[in-house]
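# Notes for the structure review
What follows is each chain in one-letter form.
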Amino acid sequence: MIGLISATAAGAAACDRLAAAWPDRTRGYDGPVGDAVRRAFAECEQLVCFLATGAVVRLIAPLLGDKVSDPGVVCVDEGGRFAVSLVGGHGGGANELAREVGGLLGAEPVVTTATDAVGVPGLDTLGLPVEGAVAAVSRALLDGDPVALHNESGWPLPPLPVTGEGAYGIRVTDRLVEPSEREVVLRPPTLVVGVGASKGAPAEEVLELIEGALREAGLSARSVAALATVDAKAEEPGIVAAAERLGVPLVTHSAEELAAVEVPNPSEAPLAAVGTPSVAEASALVGGGELLVPKRKSVRADGAPAMATCAVVRRPARGRLAVVGLGPGARDLLTPRAKAELRRAAVLVGLDQYVDQIRDLLRPGTRVLESGLGAEEERARTAVEEARKGQAVALIGSGDAGVYAMASPALAEASDDIDVIGVPGVTAALAAAAILGAPLGHDHVSISLSDLHTPWEVIERRVRAAAEADIVVTFYNPRSRGRDWQLPKALAIIAGHREPATPVGVVRNASRPDESARLTTLAALDPATVDMMTVVTVGNTATRDIAGRMVTPRGYRWQEGTK
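Residues numbered from 1 in each chain as written. Predicted model: local features only at pLDDT ≥ 70, side-chain atom pairs only at ≥ 80, totals over all residues. Heavy atoms only, no water.

## A short note on the sheet that holds strand β12 (residues 224-230)
Taken in spatial order, the 5 strands make up an open sheet running β13-β12-β11-β15-β14, and their pairing is mixed. In this open sheet, the two edge strands, each paired with only one partner strand, are β13 (250-253) and β14 (290-297). Here the strands of the sheet are splayed against their neighbours by 25° on average, with no regard to which way each runs. Pairing analysis gives 4 bridges linking β12 to β13, with the strands arranged parallel. Bridge pairing links Val230 to His253 in β13. (Pairing = 2+ DSSP bridges. Helix = DSSP H or I, 4+ residues; strand = E, 2+ residues; numbered from the N terminus. Axes fitted to C-alpha atoms, helices over the stretch in contact; angles between N-to-C directions.)

## Regarding the packing of aromatic side chains
Going through the model one piece at a time under the given rule, you end up with 2 aromatic pairs. Look at Tyr404 and Tyr476: their rings are 4.7 Å apart centre to centre, the planes differ by 50°, and that puts the pair in the tilted class. Of the two residues, Tyr404 sits in the loop between β19 (392-397) and α15 (407-413) while Tyr476 sits in strand β23 (residues 472-476), which places them 72 residues apart along the sequence. The exposure class of Tyr476 is buried, given its relative accessible area of 11%. (Phe/Tyr/Trp six-rings, centres within 6.5 Å; stacked < 30°, edge-to-face > 60°. Buried < 20%, exposed > 50% of the residue type's maximum accessible area, 1.4 Å probe, protein only.)

## Things to note about the state of the cysteines
Applying the stated criterion to the full structure yields 0 disulfides. Just so you know, Cys49 is unpaired, no disulfide at all, and the nearest cysteine sulfur is the one on Cys75, 5.4 Å from it. (Disulfide = S-S within 2.5 Å.)

## Quick notes on the environment of Val57
On the secondary structure map, Val57 appears in helix α3 (residues 53-60). Residue classification places Val57 among the partly exposed positions, given a relative accessible area of 40%. Between the C-alpha atom of Val57 and that of Val87, which follows or precedes it by 30 residues, the distance is 9.1 Å.

## With respect to the pattern of salt bridges
Evaluated as defined, the whole model comprises 27 salt bridges. Linking Arg81 and Asp77 is a salt bridge whose minimum nitrogen-to-oxygen distance equals 3.3 Å. On the accessibility criterion, Arg81 (54% relative accessible area) is exposed. Between Lys389 and Glu386 there is a salt bridge, with the nearest N and O atoms lying 3.3 Å from each other. On the basis of relative accessible area, Lys389 is assigned to the exposed category, the value being 61%. (Salt bridge = Lys/Arg side-chain N within 4 Å of Asp/Glu carboxyl O.)

## Focus on the packing of helix α7 (residues 203-216) against helix α8 (residues 237-246)
Interhelical geometry of α7 versus α8 gives an angle of 55° and a closest axis separation of 8 Å. Accordingly, the angle class assigned to the pair α7 and α8 is oblique. For the crossing formed where α7 meets α8, the hand is right-handed. In this structure, α7 uses Ala203, Glu204, Val206, Leu207, Ile210 and Glu211 to contact α8, whose residues at the interface are Gly238, Ala241, Ala242, Arg245 and Leu246. Residues of the contact of α7 with α8, tallied by class, amount to 7 nonpolar, 1 polar and 3 charged. (Parallel < 35°, antiparallel > 145°, perpendicular 65-115°, else oblique. Left-handed = near helix turned anticlockwise from the far one by under 90°. Contact = heavy atoms within 4.5 Å. Nonpolar A, V, L, I, M, F, W, Y, C, P; charged D, E, K, R; others polar.)

## Section: the sheet that holds strand β10 (residues 183-186)
Spatial strand order, β7-β10-β9-β8: 4 strands in an open sheet with mixed pairing. Across the chains shown, the open sheet's two edge strands, defined by having one partner strand only, are β7 (130-132) and β8 (147-151). Direction aside, the axes of adjacent strands within the sheet are offset by 15° on average. Across 5 bridges, the pairing between β8 and strand β9 (residues 168-172) is parallel. The residue of β9 that forms the bridge with Ala148 is Gly169. Docked against the sheet, helix α6 (residues 134-143) engages β7, β8, β9 and β10, running at close to 115° with respect to β9.

## Section: the side chain of Glu341
Here Glu341 shows up in helix α12 (residues 336-344). On the accessibility criterion, Glu341 (9% relative accessible area) is buried. At a separation of 2.7 Å, a polar atom in the side chain of Glu341 contacts the side chain of Arg320. Aside from chain neighbours lying at most four places away, what touches Glu341 is Arg320, Ala322, Val324, Ala394, Ile421 and Val423. (Polar contact = N/O pair within 3.5 Å; in protein donor to acceptor, adjacent residues only side chain to side chain.)

Structure, rendered in C-alpha cells:
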C-alpha cells in the first residue's frame, strides 16, 4: 500500500490524482502532518509525501531502521515539478515509484542512487535474493574495478560490467556458501522440493525435514523456487504452512501425472493412498532436472513413524526470451513493462530502425543484434538461439509484437526449453483509431493486404467475409510501390456492401512526429495517397462522421436513435 500525505491544497489535489489513478494501491492520511507520516510509515510499504524534502527528512529520521525493511519514500514539491526518491530507492522501490509518480503527474523523477544514475543494474534489484558485500561490489562496478562473475547456475542476467578475474566477485549459485568480504552471492530459484505427508503431519515436522535435507546437501533454502506435491495434498495444512514459511508457492500435480514420472525409489504406500508410487520424488522431477536429494523421511523425537517425505531437484537454468511490443512509435506509448524488459535484457534483437527508437533505454553493455527489412525469420531464429544459450533476450517489434510482428515467427522457432514472455504494445490500429475518434467501437477486424506471406486469394476471401458481415476493417500494409492494386481491389469489394458515404479514416505514421490523419469516404478515398506507413480504417454501415470524428456506436440501438 502507498501512503499519501499532503499539507496544502495543491498537495491534496495531487494526492487525489494519484488516488484516482491507483485506487487499490493508495491510502490517504489526514490530520497533522507529523502524525500522518508516522502512521503511514508504520502501515505502508511506500509513501508519497507532497512536502519539502527537508521536512520529510526530519519527520522520518527517528523512524528509519534499515534499507531492507524501511518503506520507500518519494517527495513531490509544491509545484509538482519533481518526484524525488528520498529513501529506499531499491529495497523500498522508491526509484521506480518516483518514475511512476512522475509519469502520472508530469513531474521529473529525481533518482540519485549511483547504479541507477549510470545505468548499472543494482545488485539488489535483479529479482534474486542477495547476500554479502553489496555496497563494496556495487562501488567496484561503479569505479570500473575488475569484478569477476561466477554464474554457476547459468541464470540469465542483465548486462553487468564484469571481467574474467578481479579482486571483487559476484557468484550466482544455489549452493550453501558464505560470501567473502569482497563478494556478493545471488541465489537463483533453481531448486524444487517435492513433499509428501500423512494426514495431519505437523508443519514443524515438514519444515524441519525440508531445511535439514537442504542443509545436509549444502543447498540454500533461498534458492527454493517451489514446493511440489500431489493434488490430493493441495490443502494439507502442514505442507501449506511449510510453503508459506519458506515464502514459496505450492505446486500440485495429478496422481496420473506423477505416476508417469520415473523415480529411483517408488513405494507401495503412496500408491495405495493417493494413486501414485511416488509423491516427493515424482513431484520434484516433473519438468525434469537433477535429483540432488533422493526421497528421505522425517525423524520424530518420540520414535513414531515418519509423517513426511521430501526430495530435492535442481532444475537447469532456462534462457529467457521477452517478445516486446514497442508501440506505434511515440515514447509515451511505450509501456512501463516494455521499458523494464529492455533494461533487463543482456541481448537485444530487432530491426535496425526499431533499435534506434529505444537504444537510449538499454543498459550499458547490452549486446545489440540488428538487421534490416526482410530478415524477420532470421531475427526470430537468432533471438531463440541466444535464449537457448542461457541469455536474457529481448526481441522487439513495432506496435504489439504479436500483431503482424515478431511473436509468431519467434514462437514457431521456440520449444519448451526456454521461458517466453510476451509484452503487449499499442498497435498501429489502436493508435490510428484514437486519432480518428472511435471507429472501433463495435466489432472490427485487421487485415494485411501484403501478399508476400499470404496468397491474395486468401486475403480477398477474408476481405469479402468482413464486408458481408458488416465489420469495421483496418487495413495494414495497404499499398507499396510494388503492390499498388490490392487496396483498390479490397475497397471495391467493400463498396459492394456499403454506401459510398461510408466514413474511411487514413492515418500515416500514427503517434510519430510527422503524423497525419484525415477523414474521408469510401467513394472519395484515392488509393494513390496511401503508402506502407499508413493505416486505413473503413467503417461499417453504422459508422458516422460526427464533428469531424469517426465514430462507430457500441450498439445498434444508439444508431436507431440518431436516424
